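Okay, here's what each chain looks like letter by letter:
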Amino acid sequence: MAGLKVDFGVLLEPLGFIKILEWIFSIFAFATCGGFRGETTILVSCKGVVNKTVTAAFAYPFELNTVVFSAPDPKRCGGTWTDVYLVGNFSCSAQFFVTLAVVVFLYCIAALVVYIGYNHVYQQNSKFPLIDLIITSITAFLWVVSTFAWTKALSDIRVSTGASVISGIQSCKVPTTTCRFASVTGMGTLNVSALSGLLNMVLWGGNIWFVYKDTDLYKRSKRISPGTYLTQIDI
């Protein structure tokens, strides 16, 4: 009963096919978010410096309040330039999102091993489908929470690293200093991570039904005959 019986046919069924999609999109989620690196660039003109490029490099986990702009020159604009940091710490949302994606990635691998090699055990032991249902439901909920949190954080990151950064730099308000926003790294990969989170929400939410169909809860409900309901109504 407990021996290995490889059957790839389960991958053509909704339960297995959706699990493959969940595995793939979990990779997209943590790879595109966790692997991002970017920088914000401004041009500074001050005493002895003309249009000097000043950058602030940021990356996952997006603790922007620890990221400092480089000084325009060794003399720091004649002593008028002070350390300038980006605003915001979005590490909680980013790390929650990436950690969930990594855990889901590992769980999908384990689930696929069970589906492919031990599907006969999965179908015969009522505990396995029930555990799968509980994990699937919790994971779907966590995807909803993490995706909305990360999407909000991404929106704030755009603001904190965009043109509005100039208004928060006190050194740029010195009469002899002028600052112009130059550029910020494109965040297309972060958009992909947010989209992957949305797709994972849909996949895990929809998969609840297919996992539920393998549980005794569903099978017992199907065994109840229509006559039972009529009897209850008559009573």
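Parameters at a glance
Residues numbered from 1 in each chain as written. Predicted model: local features only at pLDDT ≥ 70, side-chain atom pairs only at ≥ 80, totals over all residues. Heavy atoms only, no water. Axes fitted to C-alpha atoms, helices over the stretch in contact; angles between N-to-C directions. Helix = DSSP H or I, 4+ residues; strand = E, 2+ residues; numbered from the N terminus. Parallel < 35°, antiparallel > 145°, perpendicular 65-115°, else oblique. Left-handed = near helix turned anticlockwise from the far one by under 90°. Contact = heavy atoms within 4.5 Å. Nonpolar A, V, L, I, M, F, W, Y, C, P; charged D, E, K, R; others polar. Phe/Tyr/Trp six-rings, centres within 6.5 Å; stacked < 30°, edge-to-face > 60°. Buried < 20%, exposed > 50% of the residue type's maximum accessible area, 1.4 Å probe, protein only. Pairing = 2+ DSSP bridges. Disulfide = S-S within 2.5 Å. Expected span 1.5 Å × (residues − 1). pLDDT = per-residue confidence, 0-100. Core = buried A, V, L, I, M, F, W, Y, C linked by side-chain atoms within 4.5 Å.

(A) Summary view of the packing of helix α3 (residues 91-117) against helix α5 (residues 127-161). The interhelical angle for the contact between α3 and α5, taken along N-to-C directions, is 150 degrees, at an axis separation of 9 Å. Taken together, the axes of α3 and α5 lie roughly antiparallel to each other. Where α3 crosses over α5, the handedness of that crossing is left-handed. When α3 is examined against α5, the residues S93, A94, F96, F97, L100, A101, V104, Y107 and Y115 are found in contact with a partner set consisting of D132, I135, T139, L142, W143, V145, S146, T147, A149, W150 and A153. Residues that form the contact of α3 with α5 fall into these classes: 15 nonpolar, four polar and one charged.

(B) Structural context of the packing of aromatic side chains. In the structure shown here, the tally under the stated rule is 12 aromatic pairs. Taken together, the aromatic side chains of F36, F58, Y60, F62, F97, W143 and W150 make up a single cluster linked through ring pairs.

(C) Broad picture of the environment of R220. Along the chain, R220 falls in helix α7 (residues 216-223). The class of R220 is partly exposed, set by a relative accessible area of 45%. Considered as a pair, R220 and G162 are 58 residues apart in the sequence and their alpha carbons are 57 Å apart.

(D) Broad picture of the sheet that holds strand β1 (residues 37-46). Ordered in space as β2-β1-β3, the three strands form an open sheet in which the pairing is antiparallel. Strands with a single pairing partner mark the edges of an open sheet, and in this sheet they are β2 (49-59) and β3 (178-184). Between one strand and the next, the sheet's axes are offset by a mean angle of 20 degrees, whatever the strand orientation. Relative to β3, β1 runs antiparallel, the two sharing six bridges.

(E) Local environment of the state of the cysteines. If you walk through the whole model with that rule in mind, you get two disulfides. Note on cysteine connectivity: C46 is disulfide-linked to C77, with sulfurs 1.9 Å apart. Across the S-S bond of C46 and C77 the torsion is about -70 degrees, and the bridge reads as left-handed. Of this pair, C46 sits in strand β1 while C77 sits in helix α2 (residues 76-79), and the two are 31 residues apart along the sequence. Each of the two residues, C46 as well as C77, counts as buried. Each sulfur in the disulfide pair C172 and C179 lies 1.9 Å from the other. Because the torsion about its S-S bond is -90 degrees, the bridge between C172 and C179 counts as left-handed. Under the relative-accessibility criterion, C179 is labelled buried at 16%. C33 supplies the cysteine sulfur nearest to C92, a cysteine that is in no disulfide, at a spacing of 13 Å.

(F) Structural detail: helix α6 (residues 188-212). Across its 25 residues, α6 extends 36 Å between first and last C-alpha, which sits within 8% of the 36 Å expected from 1.5 Å per residue. For α6, every residue scored as buried is listed here: L190, S193, A194, S196, G197, N200, M201, L203, W204, N207 and V211. Contacts from the buried residues of α6 go to α1 (14-34), α3, α4 (119-124) and α5.

(G) Examining the confidence of the model for the protein chain more closely. Across the protein chain, the average pLDDT comes to 88, with 93% of residues at or above 70. Element-level pLDDT for the protein chain is lowest in helix α8 (residues 226-234), with a mean of 47, against a maximum mean of 95 in α3.

(H) View of the nonpolar core. Grouped together as the largest cluster of nonpolar side chains are 42 residues, with contacts concentrated most on I42, F62, F69, W81, W143 and W150. Those elements giving two or more residues to this core turn out to be α1, β1, β2, α3, α5 and α6. In terms of residues, this core owes the most to one element, α3, which gives seven residues. Apart from the residues within four sequence positions on either side, W143 is in contact with A29, F97, L100, A101, V104, G197, N200, M201 and W204. Core analysis: the second largest hydrophobic core is formed by 10 residues, V10, L15, I116 and L133 among them.

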